[in-house]
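Listed below, chain by chain, are the residues.
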Amino acid sequence: MTQAQSEDFARLYLATPRLAEVEAFLPRLAAALAAAEVASLLLRLDNLEGSAAERAVGAIAEITQPAGVALLIEGDPELVSRCGADGLHLPYDEKRLAAASKRLSPNYIVGVGGLSTRDEAMRAGEAVADYLLFGDVGENGAPPPLEWTAARIAWWAEIFNTPCVAFARSLAEVGPLSAAGAEFVLLAEAVWDDPRGPAEAVRDAARLAREAGR
């Protein structure tokens, strides 16, 4: 997952539902990744540990790797290095971020979210996070409105070089967040819960990002 310097629109970054098992999810993932270019996938596992977690990561990687999609794992640096994933995503915690960066960088991506204040964002950037995610939480810990996320993205993109990711809660938010300066737009439920299916949702998201960048 690298900064999209040659692109004038945001690339897509998908986050899985929280999965207690992955087999039923694999066909939906394959359809989504085949529909349009996706830069990265964040795998969110629910109460899977040890060999069960390793098997889950392996099954997901069999789909992401041939598609050229960077596979990141939420929260577990040991699982990242053990399973050969491409990186780790953490909610902001200064000590955890520093420990993860020391262990995984520069061979793996280390991204951070849960940034409710500008001070936290700057501290995460100083800790050499590889990307910052805005929009998963707001200043009061609740989901922020689109305007808050777009303003935070615009602020960060104008001043700092570390790539920023914007969390889009709906397909309608993809265009405005791309236009605000996000290098990547993260989509989760907006893709998997789309009644048309994830493939159609991803196609629409890619189109909206491109149109916003023109």
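What you see as residue numbers is a count from 1 along each chain, following the sequence as written. The predicted nature of this model means local features are confined to residues of pLDDT at least 70 and side-chain atom pairs, given and counted, to a pLDDT of 80 or more, with totals for whole chains, interfaces and linings taken over all residues. Computation of side-chain values: all heavy atoms of the structure, hydrogens and water removed.

**Q** Got a minute to help me understand the packing of aromatic side chains in this structure?
**A** Two numbers describe a pair of aromatic rings. These are the distance of the centres and the angle of the planes. Stacked, edge-to-face and tilted labels apply to pairs of Phe, Tyr and Trp rings (six-membered ring for Trp) whose centres lie within 6.5 Å, assigned for plane angles under 30 degrees, over 60, and everything in between, in that order. Applying the stated criterion to the full structure yields six aromatic pairs. Between Trp155 and Trp156, the aromatic rings sit 5.6 Å apart at their centres with planes inclined by 70°, giving edge-to-face as the arrangement. Buried means the residue's accessible area, taken with a 1.4 Å probe over protein chains only, is under 20% of the maximum for its type, while exposed means over 50%, and partly exposed covers the values in between. Judged by relative accessible area, which is 13%, Trp155 ranks as buried. Residue classification places Trp156 among the buried residues on the basis of a relative accessible area of 1%. Their ring planes at 75° and their centres at 5.6 Å tell us that Trp155 and Phe160 sit as a pair that is edge-to-face. The partly exposed category is assigned to Phe160, whose relative accessible area is 25%. Each residue in the set Phe134, Trp155, Trp156 and Phe160 is aromatic and connected to the rest through ring pairs, giving one cluster.

**Q** It is not clear to me how the environment of Leu208 should be interpreted in this structure. Could you clarify?
**A** Only DSSP runs of H or I covering at least 4 residues are called helices, and only runs of E covering at least 2 are called strands; the numbering of each starts at the N terminus. Here Leu208 lies in helix α9 (residues 198-213). Spatially, the C-alpha atoms of Leu208 and Leu104 are 34 Å apart, while their sequence positions differ by 104 residues. Here, residues are in contact when the closest pair of their heavy atoms is within 4.5 Å. In this structure, Leu208 is in contact with Leu171, Val174 and Gly175, ignoring residues within four places of it in sequence.

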